[in-house]
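Residue strings, one per chain:
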Amino acid sequence: MFIITLTYLKPAEEIDALLAAHREYLREQYDNGMFLMSGRMVPRTGGIIIATADSRADIEAVIELDPFNEAGAASYAITEFVPTMTADILSAFKQG
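The present account deals with the structure reproduced in this document. Given the structure is predicted, the values throughout are model-derived calculations rather than measurements.

The next point concerns the environment of Thr79. Here Thr79 lies in strand S4 (residues 74-80). On the basis of relative accessibility, which here comes to 41%, the residue Thr79 falls in the partly exposed class. As for Thr79 and Leu6, which are separated by 73 residues in sequence, their C-alpha atoms are 12 Å apart. Excluding anything up to four places from it in sequence, Thr79 contacts Met1, Phe2 and Ile3.

Given below as structure tokens:
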């Protein structure tokens, strides 16, 4: 499992101009089963994505496709973790 933390590098108006394309990108990743949850930070300085993938390289490759990344509008930090405890609704993701 992975936590992807996006930090905005551009002003809010530039982020807003990319939102429709970014949301379409998110929908594509939800449809292919990689993204499980996402949303904006509070305050609005970036966003968080919870994802599943076979490898960090897979996550890095999909980040390259994000319109925020293509426009240089966000930086990305990837944290890999092994979920050993979950709420019942998320038990399918438990490992170890």
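Past the structure itself, the notes keep going.
This part takes up the pattern of salt bridges. Across all of its chains, the model carries three salt bridges by this definition. Among the ionic pairs, Arg27 bridges to Glu24, the shortest N-O distance being 3.4 Å. Here the residue Arg27 and the residue Glu24 both occupy positions in helix H1 (residues 12-31), the gap between them amounting to three residues, near one helical turn. For Arg27, a relative accessible area of 45% corresponds to the partly exposed category. On the basis of relative accessible area, Glu24 is assigned to the partly exposed category, the value being 38%.

So, on to the nonpolar core. Counting 19 residues, the largest nonpolar core has Ile4, Phe35, Ile49, Ala51, Ile59 and Phe68 as the members making the most contacts within it. Counting residues per element, the ones that place at least two in this core are strand S1 (2-8), H1, strand S3 (46-51), helix H2 (56-63) and S4. For Ile59, the residues in contact, after removing those within four places along its chain, are Phe2, Ile4, Met34, Ala51, Ala53 and Ile78.

Taken together, four strands build an open sheet; the order of strands is S2-S3-S1-S4 and the sheet is antiparallel. Two strands lie at the open edges of the sheet, namely strand S2 (35-40) and S4, each paired on one side alone. Across the sheet, the mean angle from the axis of one strand to that of its neighbour is 15 degrees, orientation sign disregarded. The sheet contact formed by S1 and S4 spans seven bridges and is antiparallel. Following the sheet pairing, Ile4 is matched in S4 by Ile78. Helix-sheet contacts for H1 involve S1, S2 and S3, and the interaxial angle to S2 is about 165 degrees. Each of S1, S2, S3 and S4 is contacted by H2, which is oriented at about 165 degrees to S4, the strand it contacts most.

Criteria and cut-off values
Residues numbered from 1 in each chain as written. Predicted model: local features only at pLDDT ≥ 70, side-chain atom pairs only at ≥ 80, totals over all residues. Heavy atoms only, no water. Helix = DSSP H or I, 4+ residues; strand = E, 2+ residues; numbered from the N terminus. Buried < 20%, exposed > 50% of the residue type's maximum accessible area, 1.4 Å probe, protein only. Contact = heavy atoms within 4.5 Å. Salt bridge = Lys/Arg side-chain N within 4 Å of Asp/Glu carboxyl O. Core = buried A, V, L, I, M, F, W, Y, C linked by side-chain atoms within 4.5 Å. Pairing = 2+ DSSP bridges. Axes fitted to C-alpha atoms, helices over the stretch in contact; angles between N-to-C directions.

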